[in-house]
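# Structure at a glance
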Protein chains: 2
Amino acid sequence: MAKLLRAALTALLMLAAPIAAHAQEPRRKVIIDDEGFALMHLMLLESDKVDVVGITTVSGNTWARRATAMALRGLEIASRPDVPVAEGATYPLLNSEVLTERWEALYGKLTWKGAWMKQWVEPTHQSTPAYYGPDDPVDLPWGNARLKASSEIAANFLIRMVHKYPGQITIVACGPLTNLALAQRLDPAFASLAGELVYMGGSLNPQQQLDNVSAAQFAREYANSPRREFNARFDPEAASIVSRSPWRKITVIPADPSTGTQLTPELVKAMTAAADPDLGTFIARMEPGFPMWDEIAAGVLLDPGMVSEAEDLYVDFNSQFGAGYGDMLSWREGYQPGLGERKARVVRKIDAARLDALMVRLMANSRK
Amino acid sequence: MAKLLRAALTALLMLAAPIAAHAQEPRRKVIIDDEGFALMHLMLLESDKVDVVGITTVSGNTWARRATAMALRGLEIASRPDVPVAEGATYPLLNSEVLTERWEALYGKLTWKGAWMKQWVEPTHQSTPAYYGPDDPVDLPWGNARLKASSEIAANFLIRMVHKYPGQITIVACGPLTNLALAQRLDPAFASLAGELVYMGGSLNPQQQLDNVSAAQFAREYANSPRREFNARFDPEAASIVSRSPWRKITVIPADPSTGTQLTPELVKAMTAAADPDLGTFIARMEPGFPMWDEIAAGVLLDPGMVSEAEDLYVDFNSQFGAGYGDMLSWREGYQPGLGERKARVVRKIDAARLDALMVRLMANSRK
C-alpha cells in the first residue's frame, strides 16, 4: 500500500514538474574555463540566473599556474570559496613560445602574445604585464589565496561534470580552448554531454567603433589581420578540435562585438559604488581602457536580448602553420567543407549600454 | 636512542642498496600502449626481465574499443588477469577518417589506413580486416573477455603511474601516440617522470630485404614514401607533441629494421610448439607474412644486443596537412631546428634470427 502511494505521488510530481520548472527556471549550471579572474567571472558568480559549479584554468593571457592563483584569490574576494578550481593545460597542443617567435620572423609581429609577451611593438597606453616562466612563483598584487585548487586536472573535471549533469552544463570559455580539446579527445562523448558552449574567440571583420586612444590602439589587433584573435591564435589546433566536436549548441563571441565596448573609468566607478565594499576595492583597481571581450560572453548568456546582430555560421580555425595560422574560418550554410565543423550562433553586435547596465546591476548583487 | 639506531640502519641500507641492485637487477616496469593484442604483448608479459604494470589502448590498426577487448581477451589467454587495461583515445587529435579521404584525393592513396581501411588498392596476399565504426559491438574470433577494463582513461592511468614510480616506467608504444600526447598536455611533468619511451613509429628509408611475395607487397608502404609510416601518419600531431616532450630517454623503432623480419609459418610453428598448449592454440591462429614491427620494439627492450645498427638522431614529425603530412623528420646533431625535438636512439637494423630465437624462448616461458 505504501509502495502504491509512493508511486502515485511520484507520478503526480512528474506531471507537476514541467509547470514548476516554467514557473521558476532552474539556475543554469556554468563552468568557467579561462585564464585569470576578472569581471566576467564576477558577473557569472553574482548572477542569480546561473550557478557557477566550477572554474577551470588554462594558459593564455598568463600561465595556467598564475591563472589558478588568480581564480582562487578572486573567489575569496567574491566570498565564493565553495566554487572548485581545477588547473588546466600549461601548454597549448602544438603551438609554443619558440614556434611563435619563428612564425613572427616569417610572417610579422603579433600584437598580443599573452604569457609570451615581452613588450608592445609600438608605444601603447595599456601596461605591459610582467613576463614570467610557466613555473615561476606567483605573488599576486591583490594578495595570495589561502584557498587551494582541486587535485583534479581541468579536462578531467570537465568530463566528470558533464557526465554528472548530462545536458545541463554550460561551458563559458574565454581563453584558449586547450582544456576543451583535451577533454574531447579523452572522452569522445564530452561535447555531446554538455548543454552549451559559449566561447570568446575568433574574429570575423572587426571595425573600430569608439573614437579614443585605447580603441585605436586595440584596433592594431585586427586592422591588418581581421581573422586573427588571440585565444584562437594561442592554440589553433585546440580551437579546430573544439569547432569540429559534436556540441548541442554553440554560441561564439568573436572580437567583432567587443569594439563597441570599453571598460571606461566611469564604468569602473559605477561598479565600485554598486558593489559590496570589499569587492568594490578589487574592482576599483582594475585597469580601464580594455574592450570587454569576455564580459560580452557572460552578458549574452545572462541577457541574450543584448545581442543586436548575430548570424548562424559554420566555424573552424586554420591549423596550418602558415601566414593564416589560427585564423577563424567561417561559412554560411551550404559552403562549409563538412569536416565536422558545426553550425554556431555567432554574435556580431551587442547593445553596449545594456551590457554596462547589466554589469553594474550584477555587481550590486554582491551586497545581498 | 631508538631514533639514532634507526638512522644508522637506514644509512647502512642506503649504502648496501646499489650493491644489491647490481646483484639482481630489479624488473623494469613496463606499460604497453598499443591498439590490440599480439606477440609484442606476449613477449613482454612472458619475460622475467620486465613487469608489465598496465596496458593502455588507442585507435590505430583498429578502434580503441576493439583494441581494449582484444587486450582483455589476450590477458585471459596469457593467464595474466592481474594486468590492468585502460582504454585510450578513440580519435586522433586532428586527423580523421574524412580528412584522410580528402587528403588521398589531393596526394594519392595510402597503402594502409588501419581502422579506416576498406580495401587494399592492389590485390594483396594479406587479408583485409573487417571495417567497423568506432562504437560497433565487438565480437572477437578468439572469444570475448570476461575481464573488464579499468574505468580510468588511458592518459590518466599513464600520468598516475609515472607519478607513482618516478623514473621507473618504460613505456612501449606501438600504435599512434595519441594517449602519450594527451598525457603530456594534461601534465607537463609526464614525459620527464617516465624512465624511457620505446616507440615503433616513423620511417627513415626502408629497403626490401626479404625476397618473397609478402615482403614485396609490404614494400608498397615505403617504396614511394620512405618517410611515411602508419602510426605516425594516423596521428601526426600527437607524434610531433611526443617528439617535442622532455623524455629522459627515447628509443625509436622506425619501419626500417622491420624489413629484415617476417612472421613466417615456421616461426609461428616454433612458437606454438614452445608455448603452453592454450597459448599455443592462440599463436597457431596468427596470420603469417607480416613484418614484425612491434616485436622488434619488445625485442630491443629485452635484448638490446640484437641491434646491429643504430644512430642518435633528433626526431620530429611533419604536422603540416600537405603531401608530407605525418612524415618522419630527422636530423643529425647540429642540424635540428631546436623546437623541442629530442635526441633519440634510432634503430636501423637488427639481428632478425636473434629476434626469432628470443620470441620462441619467451613463448616457452608460458609453460613455467
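Residues numbered from 1 in each chain as written. Chains lettered and ligands numbered in written order. Predicted model: local features only at pLDDT ≥ 70, side-chain atom pairs only at ≥ 80, totals over all residues. Heavy atoms only, no water.

As recorded in an unreviewed UniProt entry, chain A goes by Nucleoside hydrolase and comes from Novosphingobium clariflavum.

## A word on the sheet that holds strand 4 (residues 169–173) of chain A
Residues and elements named next belong to chain A. Read across the open sheet, the nine strands follow the order 3-2-1-4-5-6-9-7-8; overall the sheet is mixed. Strands with a single pairing partner mark the edges of an open sheet, and in this sheet they are strand 3 (85–86) and strand 8 (328–331). Relative to strand 4, strand 1 (residues 28–34) runs parallel, the two being bridged by five bridges. From the neighbouring strand, K29 faces strand 4, where its bridge partner is I169. Taken strand by strand, helix 3 (residues 64–77) contacts strand 2 (50–57) and strand 3, and its axis lies near 150° from that of strand 2. Along the sheet face, helix 10 (residues 236–243) touches strand 5 (196–200), strand 7 (307–317) and strand 9 (342–350) and points at about 105° away from the line of strand 7. (Pairing = 2+ DSSP bridges. Helix = DSSP H or I, 4+ residues; strand = E, 2+ residues; numbered from the N terminus. Contact = heavy atoms within 4.5 Å. Axes fitted to C-alpha atoms, helices over the stretch in contact; angles between N-to-C directions.)

## Notes on helix 2 (residues 39–46) of chain B
Three or four residues apart is the spacing at which side chains of an α-helix point the same way, because the helix has 3.6 residues per turn. Most of helix 2 of chain B is tucked away: eight of the eight residues are buried. L39, M40, H41, L42, M43, L44, L45 and E46 of chain B are the residues of helix 2 of chain B that are buried. (Buried < 20%, exposed > 50% of the residue type's maximum accessible area, 1.4 Å probe, protein only.)

## Topic: the interface of chain A and chain B
Accessible area lost during the coming together of the parts is what is often quoted as the interface size. Taken together, the contact between chain A and chain B spans 27 residues of the former and 27 residues of the latter. Of the roughly 2,400 Å² buried at the junction of chain A and chain B (both faces included), carbon and sulfur atoms supply 62%. Three residues, L94, R185 and L186 of chain A, lead the burial of chain A against chain B; their summed loss comes to 27% of the area buried on that side. For the pair chain A and chain B, the number of links is zero salt bridges. Viewed at the interface, chain B and chain A are joined by eleven residue pairs in polar contact (both at pLDDT 80 or more). (Buried area = accessible area lost by both parts, 1.4 Å probe. Salt bridge = Lys/Arg side-chain N within 4 Å of Asp/Glu carboxyl O. Polar contact = N/O pair within 3.5 Å; in protein donor to acceptor, adjacent residues only side chain to side chain.)

## What about the pattern of salt bridges?
Using the criterion set out here, one finds 32 salt bridges over all chains in the structure. D48 of chain A is paired through a salt bridge with K368 of chain A; the nearest N and O atoms lie 3.7 Å apart. Placement of the pair is D48 of chain A in the loop between helix 2 (39–46) and strand 2 and K368 of chain A in the segment after helix 14 (352–364), with a sequence separation of 320 residues. Put simply, R73 of chain B and E76 of chain B hold a salt bridge, and the shortest N to O gap is 2.7 Å. You can see R73 of chain B and its partner E76 of chain B sitting in helix 3 (residues 64–77), three residues apart, about one turn around the helix.

## Details of the relation of the copies chain A and chain B
For the pair chain A and chain B, the relating rotation is 180°, the translation along its axis is 0.0 Å, and the fit reaches an RMSD of 0.0 Å. Here the transformation between the copies is reduced to the relation of a two-fold axis. (Least-squares fit on C-alpha atoms with pLDDT ≥ 70 in both.)

## Side note on the environment of P166 of chain A
Along the chain, the position of P166 of chain A falls in the loop between helix 5 (154–164) and strand 4. Distance from P166 of chain A to L193 of chain A, taken between C-alpha atoms, is 5.1 Å for residues 27 residues apart in sequence.

## A look at the environment of G326 of chain A
All names here are of chain A. With respect to the helices and strands, the residue G326 is situated in the loop between strand 7 and strand 8. Accessibility expressed as a relative area gives 0% for G326, which makes it buried. Spatially, the C-alpha atom of G326 lies 8.7 Å from that of S240, the residues being 86 residues apart in sequence. Not counting the four nearest positions on each side in its chain, G326 is found in contact with R227, A232, R233, P236, F317 and N318.

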